[in-house]
Amino acid sequence: MLPRLRTLTTVTTALCATSLLAAPNAFAEVEPGGWQSVSPSFTEQERGCGQIDGLTFRLTCSTASGDQRAERRYATYTGGTRQFEGYFRITGLSGTRISLKQTFHESGSGPYFMLAVERGGRLYAVHGGTTLSNAGTVGATVRVNTVHQVGNEHRTYINGSLKHTYDSPGGSFYDKFGAYRTNSGNGTATVEWSNVRFWRK
């Protein structure tokens, strides 16, 4: 009986470990209903002291001026409703006010929505300064969803909870994420992204 119990314990432990590892993939889009998964193309942007290694984005300098960025820029979209989902983990932040995720108004005003982090973990909307969460501490994994109804509204969810709404003009937009020095920010910063997905309807 003892060998059998050991086998069952081993299997149970293995299954629990597998479940924990797979947990991020168990989540799906927020506001469910009618979404179609899409895989937009992307380009990478490294400027100043920005460096990209897979889904790890670094600002290696403390420079408080100039264009310091390491980002993925996804394909342009127009019309309809789009959803972004991704998980980030800040593994180093000696700087502050680093943009993590942007919805960029290509045909209009430029960086329309920017989610940024301050040293200490405060996540905020750069335009307006609204605090969305204090979950962005070093080492914590944070889930971000943005739902964008072009010409109507842009909504941001942190760890599955709606934290920010913003009126949206029409036009063309694209999603970006990584690590980007805001006008009032500086590095250094290291951000790891994972489980990035997109939908439309």
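Residues numbered from 1 in each chain as written. Predicted model: local features only at pLDDT ≥ 70, side-chain atom pairs only at ≥ 80, totals over all residues. Heavy atoms only, no water.

Looking up the protein in an unreviewed UniProt entry gives the name Polysaccharide lyase family 7 protein, with the organism given as Streptomyces lanatus.

Enquirer: Residues and numbers for the overall build of the protein, please.
Expert: When helices and strands are tallied, the protein shows one helix and 16 strands. Per-residue burial over the protein gives 44% buried out of 201 residues. The long-range share in the protein, meaning contacts at least 24 apart out of those at least 6 apart in sequence, stands at 66%. By element, 51% of the accessible surface of the protein is carried by carbon and sulfur atoms, the whole surface being about 9500 Å². (Helix = DSSP H or I, 4+ residues; strand = E, 2+ residues; numbered from the N terminus. Buried < 20%, exposed > 50% of the residue type's maximum accessible area, 1.4 Å probe, protein only. Contact = heavy atoms within 4.5 Å. Areas by Shrake-Rupley, 256 points an atom, 1.4 Å probe, with all protein chains shown as cover.)

Enquirer: Got a sec to walk through the state of the cysteines? Specific residues and values, please.
Expert: Counted by the stated rule, this structure contains one disulfide. In this model, cysteine 49 is linked to cysteine 61 through a disulfide, with the two sulfur atoms separated by 2.1 Å. Negative torsions about the S-S bond denote left-handed disulfides, and the value of about -70 degrees found for cysteine 49 with cysteine 61 makes this one left-handed. Here cysteine 49, found in the loop between strand E2 (42-47) and strand E3 (50-53), pairs with cysteine 61, found in the loop between strand E4 (56-59) and strand E5 (69-74); they are twelve residues apart in sequence, far enough to count as distant. The buried category is assigned to cysteine 61, whose relative accessible area is 18%. (Disulfide = S-S within 2.5 Å.)

Enquirer: Any details on the pattern of salt bridges? Residues and values, ideally.
Expert: Following the criterion strictly, the structure yields 13 salt bridges and no others. Across the salt bridge formed by aspartate 67 and arginine 47, the nearest N and O atoms sit 3.1 Å from each other. On the criterion of sequence distance, the pair formed by aspartate 67 in the loop between E4 and E5 and arginine 47 in strand E2 is long-range, its members being 20 residues apart. Between arginine 97 and glutamate 118 there is a salt bridge, with the nearest N and O atoms lying 2.8 Å from each other. (Salt bridge = Lys/Arg side-chain N within 4 Å of Asp/Glu carboxyl O.)

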